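Summary of structural features
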Amino acid sequence: MFISSFTQISNIVIAIEACALIAAALSGFIEARKKRLDIVSTFIVGFSSAFGGGTMRDILLDRRPFYWVMHENYAILVFIMALIAPFLIRISSKWINALLYTSIDAIGLSLFTISGTSIALSMGSPPFAAIILGVVSAVFGGIIRDILLNQIPYVLKNNTPYISCAFVGACLYVLLHRFNILNADTIHLLIATMVIFILRMLSWHFNIRLPKNI
Amino acid sequence: MFISSFTQISNIVIAIEACALIAAALSGFIEARKKRLDIVSTFIVGFSSAFGGGTMRDILLDRRPFYWVMHENYAILVFIMALIAPFLIRISSKWINALLYTSIDAIGLSLFTISGTSIALSMGSPPFAAIILGVVSAVFGGIIRDILLNQIPYVLKNNTPYISCAFVGACLYVLLHRFNILNADTIHLLIATMVIFILRMLSWHFNIRLPKNI
Amino acid sequence: MFISSFTQISNIVIAIEACALIAAALSGFIEARKKRLDIVSTFIVGFSSAFGGGTMRDILLDRRPFYWVMHENYAILVFIMALIAPFLIRISSKWINALLYTSIDAIGLSLFTISGTSIALSMGSPPFAAIILGVVSAVFGGIIRDILLNQIPYVLKNNTPYISCAFVGACLYVLLHRFNILNADTIHLLIATMVIFILRMLSWHFNIRLPKNI
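A short tour of the structure in this document, coming up. (Residues numbered from 1 in each chain as written. Chains lettered and ligands numbered in written order. Predicted model: local features only at pLDDT ≥ 70, side-chain atom pairs only at ≥ 80, totals over all residues. Heavy atoms only, no water.)

A pair of packed helices is characterised by two quantities: the angle between their axes and the separation of those axes. Residues and elements named next belong to chain B. The contact between helix 6 (residues 98-122) and helix 9 (residues 163-178) brings their axes to 9 Å, and the two run at 40 degrees. Relative to helix 9, the element helix 6 is oriented oblique. Helix 6 and helix 9 meet at a crossing whose hand is right-handed. Contacts between helix 6 and helix 9 pair Leu109, Thr113, Ile114, Thr117, Ser118 and Leu121 from the former with Cys165, Ala166, Gly169, Ala170, Tyr173, Val174 and His177 from the latter. (Axes fitted to C-alpha atoms, helices over the stretch in contact; angles between N-to-C directions. Helix = DSSP H or I, 4+ residues; strand = E, 2+ residues; numbered from the N terminus. Parallel < 35°, antiparallel > 145°, perpendicular 65-115°, else oblique. Left-handed = near helix turned anticlockwise from the far one by under 90°. Contact = heavy atoms within 4.5 Å.)

See the structure below:
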């Protein structure tokens, strides 16, 4: 759906998507290590982290098959990664610094939000519901990961504008799409995706905090 | 479904339903504040609290669209409420005393239980499954809220007869409906709803406790 | 589905299945007692424990009606068991020793894994997805139970090869089924089920531990 809108640049998108899934799985592995889980449980947590958001979106939209059913290779990749998770974590902590990790994660956040919103709209969801479904796609994987590990979801606890970036970008896409402002949905998708990415990176760089509910 | 059974008094039901949703969202905001969440996370928790039960019921019944997709206004209302949550909490703690809050919550409990049971029956669920689906509709929102906040669900932990009131009322409705005792389903719905409300208020007033599983 | 493959021995399978469900519900009651829950909450936890895995599998496969909707008697049985849970727990702690409990639980693990995998394959899931769905069927009930009780899921925390036994058996079944090695699916089902059971009992007896993700 999302990919087909980008046929011109689909290979790049597939590569980016794979990076984002790997980053999500890796975040699961890292959290699983903190709780000293074994290899199989590490796979479960990494898998939930990578595919949980899209699966929840598809359950809510009553859409089958799931991403990990259609693209089994990704599921098998996460399984193989889990087998070598300790090695991957050591490698990644050496080569992937905070900037690179945040960037890959921000790419995942922006891609999944906008693809989720776009899929929801194309299936007839009204605008606000589509925004929520986009945000769910992007953040639910991390929420399941943290529920499985019995900790308050990181995206809820930490008052950094993570969900808000996704929310703002999804709103922007719905507006652009609704009023067909630029007369080409591919451009709308690209702009909204980039806006989320830029907002997330800026808020990370300047360490912006949201006001607490006090 | 539920509402259409009440066409005569549908406006009152819509108003009561809105109150119940607002009460559920408010309970989410209050719990979110205890964990010092930011505004966006507060919205997520309030939203899950208000719509989680109905959404779970509809997932189990394979029923679409969800309430918050069909009635987007309520979702947007919860969003706006989240923006002013600190203000709402202060207001509500001043004006809404325990009796009023418990009453609104009990109205929500009774309405959602009986509407859930009635929807499940109308979709062909057998009696006991319909009772469970009614109870799920009424209490799952609060359960998701507490899972997100990493605490034992209040309705499970606290040995007050909360779920039991819903359960008894749902059983009563199924009996009335099955044997068509009063020959008018609207009356059955009304009676069962009122029974749950009265049981909940009585058990609250007399501070009744269920025996623990020891 | 699973049962129909076993028409010759279907009565035995039904009896075993009932034992496995009762064992799962009992595990929920025991955990609920540790948190000092009341009788109604005990039912909720036992019910989720017994039917959570199959329900999740059916949600993922978009399959209705659920087991507990189709076989209401089992749901009612769990309800009655919850009413006498303290009594059951005392009885079971006297008569059911660790070997018997582990055996019943291992039967449940093997039956639910292979029936889940087989149902998923028959609904067109690709092999790796079918393996995951089988594992989900078998272990998700316990995961929900522990999420409700706000503890890290036992099957994730404890580095015993529990999920791994299910995983290996599901892989074996998919291989046998795929290449139709023994030319009779009933035999494939039986072999894979027994392999899981034997692996689980051996790993329990020799107290085998999986390497931690360090």
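Each partner contributes residues to the interface: chain A has 30 residues there, and chain B has 34 residues. In total, about 2,600 Å² of surface goes out of reach between chain A and chain B, with carbon and sulfur atoms giving 68% of it. If you sort the residues of chain A by the area they bury against chain B, A:Phe128, A:Leu156 and A:Asn213 come out on top, with a joint share of 28%. Linking chain A with chain B are zero salt bridges, by the criterion used here. Our count for the contact surface shared by chain A and chain B stands at seven residue pairs in polar contact (both at pLDDT 80 or more). For the side of chain A that touches chain B, the secondary structure elements donating two or more residues are helix 2 (39-61), helix 7 (127-148), helix 8 (154-157) and helix 9 (163-178) of chain A. Ranked by the residues each element gives to the side of chain A that touches chain B, the list is headed by helix 7 of chain A, at seven residues. The class makeup of the residues in the side of chain A that touches chain B is 20 nonpolar, seven polar and three charged. (Buried area = accessible area lost by both parts, 1.4 Å probe. Salt bridge = Lys/Arg side-chain N within 4 Å of Asp/Glu carboxyl O. Polar contact = N/O pair within 3.5 Å; in protein donor to acceptor, adjacent residues only side chain to side chain. Nonpolar A, V, L, I, M, F, W, Y, C, P; charged D, E, K, R; others polar.)

Applying the stated criterion across every chain yields a total of 15 salt bridges over all chains. Its salt-bridge partner being C:Arg145, residue C:Asp146 comes within 3.0 Å of it at the nearest N-O pair. Neither C:Asp146 nor C:Arg145 differs from the other in exposure class; each is buried. Salt bridges sharing partners connect three or more residues here, namely A:Arg57, A:Asp58 and A:Arg63. (Buried < 20%, exposed > 50% of the residue type's maximum accessible area, 1.4 Å probe, protein only.)

Looking now at unusual backbone geometry. Outside of glycine, negative phi angles account for most residues, and trans bonds account for most peptide bonds. At the junction of B:Arg64 and B:Pro65, the peptide bond is cis and its omega measures out at -5 degrees in the coordinates. Tracing the backbone shows B:Pro65 in the loop between helix 2 (39-60) and helix 3 (67-70). Backbone geometry places A:Asn207, a non-glycine residue, at a positive phi of 50 degrees. Locating A:Asn207 in the fold gives a position in the segment after helix 10 (185-205). Classification of A:Asn207 by relative accessible area gives partly exposed; the value is 46%. One non-glycine residue, C:Arg36, adopts positive backbone phi at about 55 degrees. Turning to its location among the elements, C:Arg36 is positioned in the loop between helix 1 (10-34) and helix 2 (39-61).

Counting 187 residues, the largest nonpolar core has A:Phe29, A:Phe51, A:Trp68, B:Phe29, B:Phe51, B:Trp68 and C:Trp68 as its most contacted members. Excluding residues within four positions of it along the chain, A:Trp68 makes contact with A:Phe47, A:Phe51, A:Thr55, A:Ala75, C:Ala129, C:Ile132 and C:Leu133. (Core = buried A, V, L, I, M, F, W, Y, C linked by side-chain atoms within 4.5 Å.)

A few words on the interface of chain C and chain A. Listed by partner, the interface residues are 30 residues for chain C and 34 residues for chain A. Buried surface at the junction of chain C and chain A, both sides included, amounts to about 2,600 Å², of which 69% is carbon and sulfur. Considering only the side of chain C, the residues that lose the most area to chain A are C:Phe128, C:Leu156 and C:Asn213, jointly responsible for 28% of the buried surface there. The tally of links from chain C across to chain A stands at zero salt bridges. Across the chain C-chain A interface, the total number found is seven residue pairs in polar contact (both at pLDDT 80 or more). Breaking the side of chain C that touches chain A down by element, the ones donating at least two residues are helix 2, helix 7 (127-148), helix 8 (154-157) and helix 9 (163-178) of chain C. Within the side of chain C that touches chain A, the residues separate by chemical class into 20 nonpolar, seven polar and three charged.

Two descriptors summarise a pair of aromatic rings, namely the distance from one centre to the other and the angle between the planes of the rings. In the structure shown here, the tally under the stated rule is 35 aromatic pairs over all chains. Taking 5.1 Å as the distance between ring centres and 85 degrees as the angle between the ring planes, the aromatic pair formed by B:Phe43 and B:Phe79 counts as edge-to-face. With B:Phe43 in helix 2 and B:Phe79 in helix 4 (residues 72-83), this pair connects stretches of sequence that are 36 residues apart. Overall, the relative accessible area of 6% leaves B:Phe43 in the buried class. Note on B:Phe79: relative accessible area 21%, which makes it partly exposed. Members of the aromatic cluster, each reached through a chain of ring pairs, are A:Phe43, A:Phe47, A:Phe51, A:Phe66, A:Tyr67, A:Trp68, A:Tyr74, A:Phe79, C:Phe128 and C:Phe167. (Phe/Tyr/Trp six-rings, centres within 6.5 Å; stacked < 30°, edge-to-face > 60°.)

Moving on: the packing of helix 9 of chain B against helix 10 (residues 185-205) of chain B. Residue and element names in this part refer to chain B. Packing of helix 9 against helix 10 leaves a shortest axis separation of 9 Å and a crossing angle of 160 degrees. Relative to helix 10, the element helix 9 is oriented roughly antiparallel. Between helix 9 and helix 10 lies a crossing whose hand is right-handed. Contacts between helix 9 and helix 10 involve Cys165, Ala166, Val168, Gly169, Ala170, Leu172, Tyr173, Leu176 and His177 from the former and Asp185, His188, Leu189, Ile191, Ala192, Val195, Ile196, Leu199, Arg200 and Ser203 from the latter.

Residue and element names in this part refer to chain A. Of note, Ile80 is situated in helix 4 (residues 72-83). We classify Ile80 as partly exposed; its relative accessible area is 45%. C-alpha separation for the pair Ile80 and Ile96, spaced 16 residues apart in sequence, amounts to 20 Å.

Laying chain C over chain A is done by rotating through 120 degrees and shifting 0.0 Å along the axis; what remains is an RMSD of 0.0 Å. Look at the turn and shift together and you get a three-fold axis relating the two. Proximity to the rotation axis, assessed at the C-alpha, singles out C:Asn150 in chain C; its C-alpha lies 3.8 Å from the axis. (Least-squares fit on C-alpha atoms with pLDDT ≥ 70 in both.)

Attention now goes to the side chain of B:Asp146. Residues and elements named next belong to chain B. Its place among the elements puts Asp146 in helix 7 (residues 127-148). For Asp146, a relative accessible area of 2% gives the class buried. A polar side-chain atom of Asp146 sits 3.0 Å from a polar atom in the side chain of Arg145. In this structure Asp146 touches Gln151, Ile152, Pro153 and Tyr154, once residues within four positions along its chain are discounted.

On the surface, A:Leu175, A:Phe179, A:Ile181, A:Leu182, A:Ile187 and A:Ile191 cluster together into a nonpolar patch covering about 550 Å² of accessible area. Along the chain, A:Leu182 turns up in the loop between helix 9 and helix 10. (Patch = residues over 30% accessible without salt bridge, like charges linked within 9 Å, V, L, I, M, F, W, Y side chains within 5 Å. Areas by Shrake-Rupley, 256 points an atom, 1.4 Å probe, with all protein chains shown as cover.)

After a rotation of 120 degrees and a shift along the axis of 0.0 Å, chain A superposes on chain B with an RMSD of 0.0 Å. The overlap is low: 13% of the interface residues of chain A also sit at the interface in chain B, so different surfaces are used on the two sides.

Right, let's get into the state of the cysteines. Residues and elements named next belong to chain C. Summed over the entire model, instances satisfying the criterion amount to zero disulfides over all chains. Sulfur of Cys171: no disulfide; nearest cysteine sulfur belongs to Cys165 and is 12 Å away. The partly exposed category is assigned to Cys171, whose relative accessible area is 23%. (Disulfide = S-S within 2.5 Å.)

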